[in-house]
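These are the residues of each chain, in order.
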Amino acid sequence: MKGIKKSLTEEYLYLDFSHQIEGCICPLHTSVTLFLLSYCDCKIFKVCLVSTGESTDISLKNVVLQDVEVQIISRQELPPIVQNCCLPAIVEKPENFCRAGLAVVLRHIIQRSYEADPSKKEILELLGFKKTCLKACAEVSQWTRLCELTIPLAIENFLRESSDQHPSIPAEILQLEKKLSEPVRVHNDDKLRRQKLKQQKAAGVGPSLAKEKGLGKVHRQETSQDLDSTSENLELKVAFSKLTVQEEPAATNREPPHIRKAKASDLPPLEHVFAEGLYFTLADIVLLPCIHHFLVIICKKVSEKLIEFPLLAAWYQRIQEVPRVKTAASQCGIQFLRLPELLTTSNEQDSNLSEVAGAEEQNDASFIGGPRPTMTKLMEKGIEVMFSPHPCPTWTLDWNSLPAAVSPKEGKMSSDRALRKQQQLNNLVYIVTNQAKPGDRIVDFCSGGGHVGIVLAHMLPSCQVTLIENKELSLIRAKKRSDELGLSNIWFIQANMEYFTGMFNIGVALHACGVATDMVIEHCIKTRASFVTCPCCYGFIQNTSKFHFPKSEQFKKTLSYKEHMILCRFADQTAVQLPPQRRLIGKQCMCLVDLDRARAAEERGYCVQVISMEPESCSPKNNMIVGVPI
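Residues numbered from 1 in each chain as written. Predicted model: local features only at pLDDT ≥ 70, side-chain atom pairs only at ≥ 80, totals over all residues. Heavy atoms only, no water.

1. Quick look at the packing of aromatic side chains
Part 1 of the argument: Tallying each qualifying case throughout the model produces 12 aromatic pairs.
Part 2 of the argument: Ring geometry for Phe-445 and Phe-504: centres 5.6 Å apart, planes at 70°, overall edge-to-face. Of the two residues, Phe-445 is situated in strand 8 (residues 441-445) and Phe-504 in the loop between strand 10 (490-494) and strand 11 (506-513); the sequence distance between them amounts to 59 residues. Taken as a pair, Phe-445 and Phe-504 share a single burial class, namely buried.
Part 3 of the argument: A ring pair is formed by Phe-500 and Phe-504, whose centres lie 6.1 Å apart and whose planes are at 50°; its orientation type is tilted.
Part 4 of the argument: Given a relative accessible area of 5%, Phe-504 falls into the buried group. (Phe/Tyr/Trp six-rings, centres within 6.5 Å; stacked < 30°, edge-to-face > 60°. Helix = DSSP H or I, 4+ residues; strand = E, 2+ residues; numbered from the N terminus. Buried < 20%, exposed > 50% of the residue type's maximum accessible area, 1.4 Å probe, protein only.)

Quick look at the structure:
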């Protein structure tokens, strides 16, 4: 441990603890985090279990790592910054930088474990191709949402209901089974599929027969030796060669002409070995404790139902052969089951399991394309493009008198871009500073490098400013600038914004992408906080698990989802290189989309204005939505 940097030993990991069921620590997020610590053999964090207060006399034998010292504390003993977040969370001294939420915390543990011992390259591989595994937030990624939120919660509910004689199978399990049946997509997809086709041709096996011999059935419990010798299964060879630090199987000679010239549509699909495809990743780490505890109940209560998810059962048996998984599981009190043979392939699942945003609008017979008919339709209902006047269009900060670290020029951008960023900040800072009172808490959502939050913290020393950002490097840059300024009224939280649970008075967001703007406004409304948002990336707006468009009753009565999406797509056409008339239509569409957001907030007790930034040239996305609770 001599090579570990000092900072690595001063990080505290806070985990929720509510109760145990069947040897499982709940919530499952805690079981998952402890399993990853064991798998990575990571001892650089000081672990604190945060009791809910139901029971302080808790036995952790066989479920907490034996060689990791664990402290049990109450929620009141949490550092203030952590009290504003969902657990799990990791805090660095001096307790003004926090990472919160399962995916963010797990990714940080992997990164720190690798930094502590760079020889453990297989640990870094858990982050997947381009290190993006579970990086996208749950609101925009169905896969992250399934792994991080819905499956752990569904299994917890299932464990609570397991006293029933015949507990029902969670829909999320069937959804995962369906996911495992889908073809795998990887970066070298075409190359591997051609190798598979060559393999099948050489064996005289057609695609349909090959599928029957593939990964969809579990004929026996495979061992690592079996897997190494499974010459007929390309996917297993590729997956396990990577795990054992071998070269992936590759053709030594050029492929025969009939293989090279085969159409992509004629190539056999790649089948899942692990949760995300061919490679063992963080997603498998997250799912393993959840699926194990689910299967324990299934085997005890309704073992006949195992036949409903053969692919999941195959995955569960296969994952045990990954190096160190059994050891890590054993240290966490997970004793793997030996499942019976399943010779039946997965049944076709209900197509309703895969929801497509806006699918209900696909057969809208009244739909007419293009922005003009949609805009005319709104005008006929009295809804027109209308901006509120700017309260002070010529106001500007005296940037030359401010410390250098306050200016966006410190963010390593061109002078032209830095000037436009200063102009954008002038608009937001004016609104916020005129609303803020001493002692107010201000949250800069989607803060990026902290351009807004750092200016506000400097200008409003009597207010507490919190920066929330999902990208670690951006937040580290912001903290460096803050440290240069010696700011003491600022917090940094790396998390998806839904994991921030603190109270605040003003929420601000500069160029929050797509539905992130709607998430910011929703967060502010729930807290009855004022908001100042500048939307961006209108073309990425779509229905999600939380938001359905149009949002306001007034717009819902006039536009279908598809018509609203037309406005969103054209709202993105405001780039300076486009013809003036096209930019004008784009600006009008931007205004209408934001008016819908404003009307929706007004329906919930807010006074809202849509204002155009000054000068308009400061950004193609130059709208501000300003809301104050009535």
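Read on, since the account is not over.
2. A look at the side chain of Ser-51
Part 1 of the argument: Position of Ser-51 among the secondary structure elements: in strand 4 (residues 45-51).
Part 2 of the argument: For Ser-51, a relative accessible area of 8% corresponds to the buried category.

3. Quick notes on the state of the cysteines
Each disulfide consists of a covalent bond between the sulfur atoms of two cysteine residues.
Part 1 of the argument: By the definition in use, this model includes zero disulfides.
Part 2 of the argument: Of all cysteine sulfurs, the one in Cys-446 lies closest to Cys-137, which takes part in no disulfide; the gap is 8.5 Å.
Part 3 of the argument: Looking at the unpaired Cys-537, the closest cysteine sulfur is the one in Cys-513, lying at 3.1 Å. (Disulfide = S-S within 2.5 Å.)

4. So, unusual backbone geometry
Part 1 of the argument: Following Cys-26, the chain continues into Pro-27 via a peptide bond in cis, with omega recorded as 5°.
Part 2 of the argument: By the element assignment, Pro-27 lies in the loop between strand 3 (24-26) and helix 1 (28-40).
Part 3 of the argument: Residue Phe-549 is joined to Pro-550 through a cis peptide bond whose omega torsion reads -5°.
Part 4 of the argument: Relative to the elements of secondary structure, Pro-550 occurs in the loop between strand 12 (530-536) and helix 20 (553-556).

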